Every structure is written in structure tokens, then in C-alpha cells.
Amino acid sequence: MKSILISQLSLYLSVRMIVGIVELTSATPYSDDDPVKLENPMDVAYLKKKLRKGSPRLVLTPAIEKQLKKDLKSDEVVKNVYEAIKLNAEEIQQQPLLEREMEGRRLLGVSREMLYRMNILGMTYRIDRDDKVLNRVNDEVTAVCNFSDWNPSHYLDVAEMSLAVALAVDWVGEDLPASTVKLAKNALIEKGIMPSYNEKGNVGWIDNNNNWNQVCHGGMIAASVVIAEQDPELAAKTIHRALEGMPHALEEYGPDGVYPEGSTYWRYGTSFSVLTASMLESAFGTDFGLADYPAFKESAEFRALSMAPSGWYYNFADCGDKRSENGDMTLAWFAIKTGNEVFYEKERFLRDPAEMGELSRWTGAGLVWLSQFEEDSGKSLPLAWKGNGSNPVVFFRTEEGNPNKYYFGGKGGRGSVNHGNMDAGSFIFELNGVRWVIDPGNQKYHNLEKTGFNLWGRCQECERWTLLTKNNYGHSTVTVNNALHHVDGFAAITDFQDGEQPEVTIDMSEVFGNHIASATRRFVKEDNQSLLIEDQIVPNDSTQHITWQLMTTADVDIVEGGATLRQDGKELTLENLSHPDLTVSIISLDPAPLELDRQIDGLKRLEIRIPAYLMSEDGETIRVRLSAE
């Protein structure tokens, strides 16, 4: 064990010596083809003709507001969530006003707090017309509009702040002092929109394919609608640019709805696209094709399937670990658009308002979506599902209410995808309510960046890959010759079969570069209590040894032919079907190898190591079964 750790630490340290130069925000699209375009008739004439006259016109309209107020009297979900919104509004009014306080290179925390406050306070004022709330909105808007800037070097900060101020002006502006509205509109132009036309600024998001594109264009559209009468040329130009640029991110949902950056980034990027669609519909009477963009609606299935019975996400890429116990507002929008009540988490929306805590920062807009839902029935999530794309994934599960609570998530992809890791071929596995096989998850960006760590480089030798959460040594996959995965090597799903025993095959050959001739990984749900993992590897002259890996926080006992995992009073059996004479090794990763690594209690890597001299030239098959009685 000691020699293995020393060799891997040596690799970590040698890799850390080279600083990466490629930023996550500069990834090339998965497809070389031009994306499907949105409708884009936007120019000054169109803007003046089609833009709704008067406010509210961002998500809300007078007709939508009228219906919302009716639903507050008759719809138990809308009424309950609004009670939680009012509790949040009371809490906000006890907090100090926001200040321009940076965290490292970001003002993002402040911008997000402002967006949260304006969603909550703005919606509360629309419903109750409380002067105390009005005064607080006025103070909040005045404070942030007097900031020196909204940190255009990190444009997410500008985008979220612009959306916050735009919603405040649109929802509350008719009752705000004229001086505040003037200050806010000038700030939206000078601190919000204009820096996005600075060629030296951080504007790579305009035609990029990640969440920055969705968030930043959404913020610029909101700002443009609010300042349209003051500067129609700038507003029309900015909205036109957004309609041209957004498809570069929207195409990443294709072909099946997988969001390549993981489930919590789906929530982030998709929520802003949903907000944008809602704002365009309310302001212009059309979303220009955004909601019907290929695979966009299908992504709701990906999001819903990413939430495991344990309450954890399938947390690949830079995804967070656990979901909120509150209902998912963004999924509720998809329930409206698809008619699928699976996406409308009614019981979660009916939680005790006092227990909901701080709501999401788009809850005010989300209340509108809740009021627009009409119940449907007869639809459910598939028990086996695969999605292709730049980071393909697959899920196997049991039906709701099944006592086994079987849940498997596996993936292909490449390390160089946005927010990606060297995790091709990795998987997580839950059974009987226990997550036996884990993904090490995400780390707080600022804690790494403040040390000078280059988190965002994605070259083969970049510093990102020294972290256990990012490299293949921290994932339940295969490693060849103790080497890092090839960062640009793509692992594609080559076969998927549904039915009583669903299975999937992933071609891993590119991931290992010239260390092997070819490799595939196959997962089979044999029944509701077992998972079969089968790796077929053809070595070449460079192959020295293969390491089969499983990441777990369970207690582990090594037994003949495998291992026994114990956690929460339950057991899981690991059977080494193909090589029962090879002993499973336990590599403790608590503490993790590097001080900067995420520290996870009880983390360990189980290994089956196969030296080249035991392999057949025609290929070696590794078969492992995970099962419980």
C-alpha cells in the first residue's frame, strides 16, 4: 500500500509543477456543426412594436399576476410556498444592506444574495403592497447601484446583479422614487450591459457552450427589457446578440438531455434559461423557440433521474452532493411545459413553510410557474435511461416504493468537458438506502484559488488533475499503469439495452491512450439487488498492470474471493468473479494524499490489481459483482 501511495504522490507532485493555461470557459463544443438557431427577428423596429408596454413584463404580466392572486386563495401549493416567501422576506429585512465585498476574484456571492432578495421582496410587494417592503427594496437597489462596478472581470457577477436590479425595477419600479429608477436604469446600462461590449473584458461567454452563456445572456436580456425605452438601440442589439449566442450552450443538452456539467450545474444554467424563456414570453409574447430547443425539455428527465433515493445526487463533474428537501422550482416549469406531473414535486412544496429555510434565489419567479401547473397523471420516469452527448450517462433504478431502492449511475465522457473530471467509466451505486459506491464530489473553488492553485486548466499536465476529486485515482473506474486518464480521450456509450436486465457498454479505449490496445466497460443490472461490472481489456506492449477501483466510505472486510462492505447496519458483497485468487486491496484516503484535497471521513479505494504477465494477449476480462441478500 505504501509503495502505491508514494508512486501516486510522486505523480501528483510532478504534475503540480506545470501550470495549466486552458480555461474551463474556453471549451470547444462537442459537435463541430453549427447549433440549431433560435428565431431572431430582433431589431429596433421589432423591439418597439412587440415589447409589452408598461410593467410588470418580466415573468409577470398583469394577467399572470391576476391569476396568481386567485391561485393564492385556492391552490394549496401556491399558498404554502408564498407563506415561506413571506417568512424569507421578514428574515431579509433583519439583515444589513449589501456591500461590495469580494471573495477572491468574485463578487458573485453578493450578486446572488441580491437576486434572492429581489425575488423574495419583489414578489412579496406585488402581492401585499407593504410599504416596509417597498422601502427595503428601494434601499437595496440604491445600495448596489452605487457600487463602483459589478465586477465585470467575472461576468457571472454582473449577470446575476443585472437580473436582480432588472426584476426590482420591473416589479416594484412603479412605486419606487423616480430617482431610484433612474439610478437603477443607468446602472443597468453602465455597470451591466456596456462592459459586455468591452473586447478586453471577460466576454468569452457570448458564444461559449457552458453555464456562463445561459446566465450572462439571461441577465443581459432582463437589463435590456428594463432600459428599452431609454436606449432601444442598445437593448435591441443586446437581445439580438443573446438570441444568436444562446444556442451554443443549448446544443450541449443534445441529443438526449444530459447536462454535461452535472445535476447542480443543470439547476444553475437551466434555471437561467427557464427564467429567460419566461421573461421573453412575458415581454414579447414569444420565447423565440428557447423552450422547444432540441433536447431542452428532455433534460428534465436527466435532472429527475440524477436525484437518488438517498437524497444525494449522482454527483459527477463539479456537482454538489445533496439536494434540498424543498421542491425544485425549475422542474416545476418543465412540468408546465411537458404536462408531466413527475416534475412537479407537490409534497416537497407542501412542507411546513417554517422548515423550508432560505429559498432559492428565483423563488419569486418560480411562484408564477407553480400557479400555472395543471395536474396530469399516468406518467413516470424510466427504470433504465441513457443519454448521449459530450458527457454521456446512464441510470438503472427500481420503481418508486421498491424496498431495495436500487440506484446506479454510470458515465463516459472526457476529462476536458466543462467542469469535467477524469472519471470516464466511473459509477455510483445505492442499495437498500445506502450509497455504497461514491463519487468524491466537488470542492469549494475559492478555497483552492486563494492558494494560487490553477483549478481551471484542462491540459494533460494541468494542476487540476492533482486533486483526488478530479483525477481518476479518486473515482470508481479503471487505471492503467498508474497513469492519469488521457484528458481528451472520449468514452462513448456504444450499446444500451433496456428490459428486465438493462445493461450498457462504454468504450474506454481512448481514455487510456497508448497504454492499451482497447478497453470496454459493461454494467448489467442483474436483478433488484445486484450489479455486474465487466471490463474487457486488450493489452499491448506498453501495458504493465491494470487497476480496478471502487470508492467507498463503508467499513470493509477482505474475504476470500472479494470483500464485504458494511454501513448503516447493512451489508454489500463484492465478488471478484474473474480473478478470485487476487486479493482485494484497501487504500485508505482518510486523510486524502494532498492538503488541498477534499477530506472525506472513512474514504477508501478498493483495488484489484492485475499485472501484465497474468493477462492474455487476446484480452483480459475483469468481472465483479456487487450484491446484497
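Residues numbered from 1 in each chain as written. Predicted model: local features only at pLDDT ≥ 70, side-chain atom pairs only at ≥ 80, totals over all residues. Heavy atoms only, no water.

1. Some remarks on the pattern of salt bridges
This is how it is decided: In what follows, salt bridge is the name for a side-chain nitrogen of Lys or Arg lying within 4 Å of a carboxyl oxygen of Asp or Glu. Only DSSP runs of H or I reaching four residues or more are called helices, and only runs of E reaching two or more are called strands; each is numbered from the N terminus. Partly exposed describes any residue whose relative accessible area lies between the buried limit of under 20% and the exposed limit of over 50%, with all areas from a 1.4 Å probe on protein chains only and scaled to the type maximum.
With the rule as written, the count across this model stands at 38 salt bridges. Two residues, Lys444 and Glu103, come together in a salt bridge whose shortest N-O distance is 3.8 Å. Here Lys444 is found in the loop between β5 (434-437) and α17 (445-449), whereas its partner Glu103 is found in the loop between α4 (76-92) and α5 (108-128), with 341 residues between them in sequence. Judged by its relative accessible area of 37%, Glu103 is partly exposed. Its salt-bridge partner being Arg435, residue Glu430 comes within 2.9 Å of it at the nearest N-O pair. In terms of burial, Glu430 and Arg435 fall into one category: buried. Taken together, the salt bridges that share partners define one network made up of Glu65, Arg126, Arg129, Glu174 and Asp175.

2. Comments concerning the packing of α5 against helix α7 (residues 155-172)
Keep this limit in mind: The angle between two axes is taken between their N-to-C directions and runs from 0 to 180 degrees, where each axis is a line fitted to C-alpha atoms and a helix contributes only its stretch in contact. Angles are sorted into four bins: roughly parallel if under 35 degrees, roughly antiparallel if over 145, roughly perpendicular if 65 to 115, and oblique for all others. Crossings are assigned a handedness: left-handed for a near helix turned anticlockwise from the far helix by less than a right angle, right-handed for a clockwise turn. By definition in these notes, contact holds between two residues if any of their heavy atoms fall within 4.5 Å. When residues are sorted by character, Ala, Val, Leu, Ile, Met, Phe, Trp, Tyr, Cys and Pro go into the nonpolar class, Asp, Glu, Lys and Arg into the charged class, and all the rest, Gly among them, into the polar class.
Contact pair α5 / α7: the axes reach a minimum separation of 8 Å and the direction vectors enclose 15°. The orientation of α5 relative to α7 falls into the category roughly parallel. Considering the relative orientation of α5 and α7, their crossing is left-handed. Of the residues in α7, those in contact with Leu108, Val110, Ser111, Arg112, Met114, Leu115, Met118, Asn119, Gly122, Met123, Tyr125 and Arg126 of α5 are Leu156, Asp157, Glu160, Met161, Leu163, Ala164, Leu167, Ala168, Trp171 and Val172. A breakdown of the residues in the contact of α5 with α7 according to their chemical character gives 15 nonpolar, three polar and four charged.

3. A look at empty space enclosed by the protein
Defined as follows: A pocket here means an open set of points on a 1 Å grid, computed over the protein atoms alone, that has protein on both sides within 12 Å along at least five of seven lines. A cavity is instead a set of points where a 1.4 Å probe fits but cannot get out; residues with an atom within 4 Å of a point line either one. Grid points are joined across faces, edges and corners, and a volume is the space filled by probe spheres set on the points.
According to the stated counting rule, one finds one cavity of 30 Å³ or more in the structure shown. As a volume, the largest cavity reaches approximately 40 Å³. Taken together, Arg414, Gly415, Asn421, Met422, Asp423, Ala424, His485, His486, Val487, Gly489 and Val511 make up the full set of residues lining the largest cavity.

4. What to know about the sheet that holds strand β6 (residues 478-480)
Keep this limit in mind: A pair of strands is labelled paired if DSSP reports no fewer than 2 bridges between them.
Here we have four strands laid out as an open sheet, ordered β6-β11-β16-β15, and antiparallel in their pairing. Each edge of the open sheet is held by one strand with a lone partner, namely β6 and β15 (585-588). Averaged over all adjacent pairs, the angle separating strand axes in this sheet is 30°, with direction ignored. Pairing of strand β11 (residues 545-552) with strand β16 (residues 604-611), which is carried by eight bridges, proceeds in the antiparallel orientation. By the bridge assignment, Ile546 is partnered in β16 with Ile610.

5. Considering the environment of Leu68
Tracing the chain through its elements places Leu68 in helix α3 (residues 62-74). We classify Leu68 as buried; its relative accessible area is 0%. Distance in space between the C-alpha atoms of Leu68 and Met102 is 37 Å, their sequence separation being 34 residues. The contacts of Leu68, once residues within four sequence positions are left out, are Leu60, Val78, Met123, Ile127, Leu367, Val368 and Ser371.

6. Let's talk about the packing of helix α6 (residues 131-145) against α7
Describing two packed helices takes the angle between their axes plus the distance from one axis to the other. Taken N-terminus to C-terminus, the directions of α6 and α7 make an angle of 145°; their axes are 11 Å apart at the nearest point. Our pair here, α6 against α7, has a crossing hand that is left-handed. Together, Leu134, Val137, Val141, Val144 and Cys145 of α6 and Met161, Val165, Ala168 and Val172 of α7 make up the contact between the two elements. Classifying every residue of the contact of α6 with α7 by side-chain character gives nine nonpolar, no polar and no charged.

7. A closer look at α4
Applicable threshold: Helix span, as expected, comes to 1.5 Å for every residue beyond the first. Nitrogen and oxygen atoms within 3.5 Å of one another constitute a polar contact, given that in protein one can donate a hydrogen and the other can accept it, and given that sequence-neighbouring residues count only through two side-chain atoms.
Helix length check: α4 (17 residues) gives 25 Å between terminal C-alpha atoms against 24 Å at 1.5 Å per residue, within 8%. N-cap assignment for α4: the residue whose side-chain oxygen lies 2.9 Å from the backbone N of Val77 is Asp75.

8. Describing the confidence of the model for the chain
The condition that has to hold: Per-residue confidence from the prediction method is given by pLDDT, with values spanning 0 to 100.
Predicted confidence across the chain gives a mean pLDDT of 93, with 94% of residues reaching 70 or more. Counting interchain partners and residues more than four positions distant, the pLDDT-below-50 stretch residues 1-31 has 75 contacts.

9. Notes on the state of the cysteines
Counted only if it meets this: The disulfide definition used here is simple: a pair of cysteine sulfur atoms within 2.5 Å.
On inspection of all chains with the given rule, the structure shows one disulfide. Bridging Cys459 to Cys462, the disulfide has an S-S length of 2.0 Å. Since a negative S-S torsion denotes a left-handed disulfide, the Cys459-Cys462 link at about 110° is right-handed. The cysteine Cys145 is free of any disulfide, with Cys216 supplying the nearest cysteine sulfur at 18 Å.

10. Thoughts on the layout of surface pockets
Considered as a void within the structure, the largest pocket measures approximately 1400 Å³ in volume. What lines the largest pocket is a set of 49 residues, and nearest its centre among them are Arg112, Thr264, Tyr265, Tyr268 and Arg361. When contributions to the lining of the largest pocket are tallied by element, the ones reaching two or more residues are α5, α9 (211-226), α12 (263-284), α14 (329-338) and α17. At five residues, α5 tops the list of elements feeding residues into the lining of the largest pocket. Taken together, the residues that form the lining of the largest pocket break down as 17 nonpolar, 17 polar and 15 charged. Taken as a whole, the second largest pocket spans an internal volume of roughly 780 Å³. Together, 28 residues line the second largest pocket, and Ala304, Met307, Leu381, Arg397 and Glu400 are the ones closest to its centre. Sort the elements by how many residues they give to the lining of the second largest pocket and helix α15 (residues 346-349) lands first, with three residues. Considered class by class, the residues forming the lining of the second largest pocket number 12 nonpolar, five polar and 11 charged.

11. Topic: the sheet that holds strand β4 (residues 427-431)
In any sheet, the strands associate via hydrogen bonds between backbone groups, in a parallel or an antiparallel arrangement. As summarised here, the arrangement of the five strands in space is β1-β2-β3-β4-β5, forming an open sheet in which the pairing is antiparallel. The open sheet has two edge strands, β1 (384-387) and β5, and neither has a second partner. Across the sheet, the axes of successive neighbouring strands diverge by a mean angle of 15°, strand direction being ignored. Summarising the sheet, β1 and strand β2 (residues 393-397) pair through four bridges and their orientation is antiparallel. Bridge pairing in β2 links Gly387 to Val393.

12. Quick look at the packing of aromatic side chains
As a reminder of what qualifies: Aromatic pairing here means that ring centres of Phe, Tyr or Trp (its six-membered ring) are within 6.5 Å. Orientation follows from the plane angle: under 30 degrees is stacked, over 60 is edge-to-face, and everything else is tilted. The rule for a charge over a ring is simple: NZ of Lys or CZ of Arg within 6 Å of the ring centre, and within 35 degrees of the ring normal.
Evaluation of the coordinates by the stated rule reveals 27 aromatic pairs. On the numbers, 5.3 Å between centres and 35° between planes, the contact of Tyr155 with Trp205 is tilted. Taken together, the residues Tyr155 in helix α7 and Trp205 in the loop between α8 (178-193) and α9 connect sequence positions 50 residues apart. Taking 6.2 Å as the distance between ring centres and 45° as the angle between the ring planes, the aromatic pair formed by Phe395 and Tyr407 counts as tilted. A residue pair is termed long-range when its members are at least 10 positions apart, and Phe395 in strand β2 and Tyr407 in strand β3 (residues 407-411) qualify at 12 residues. Side by side, Phe395 and Tyr407 carry an identical accessibility label, which is buried. Of note, Lys237 hangs over the ring of Tyr197, and the distance from its end group to the ring centre comes to 4.3 Å. The residue whose ring lies beneath Arg241 is Tyr197, and the NZ or CZ to ring-centre distance is 4.2 Å.

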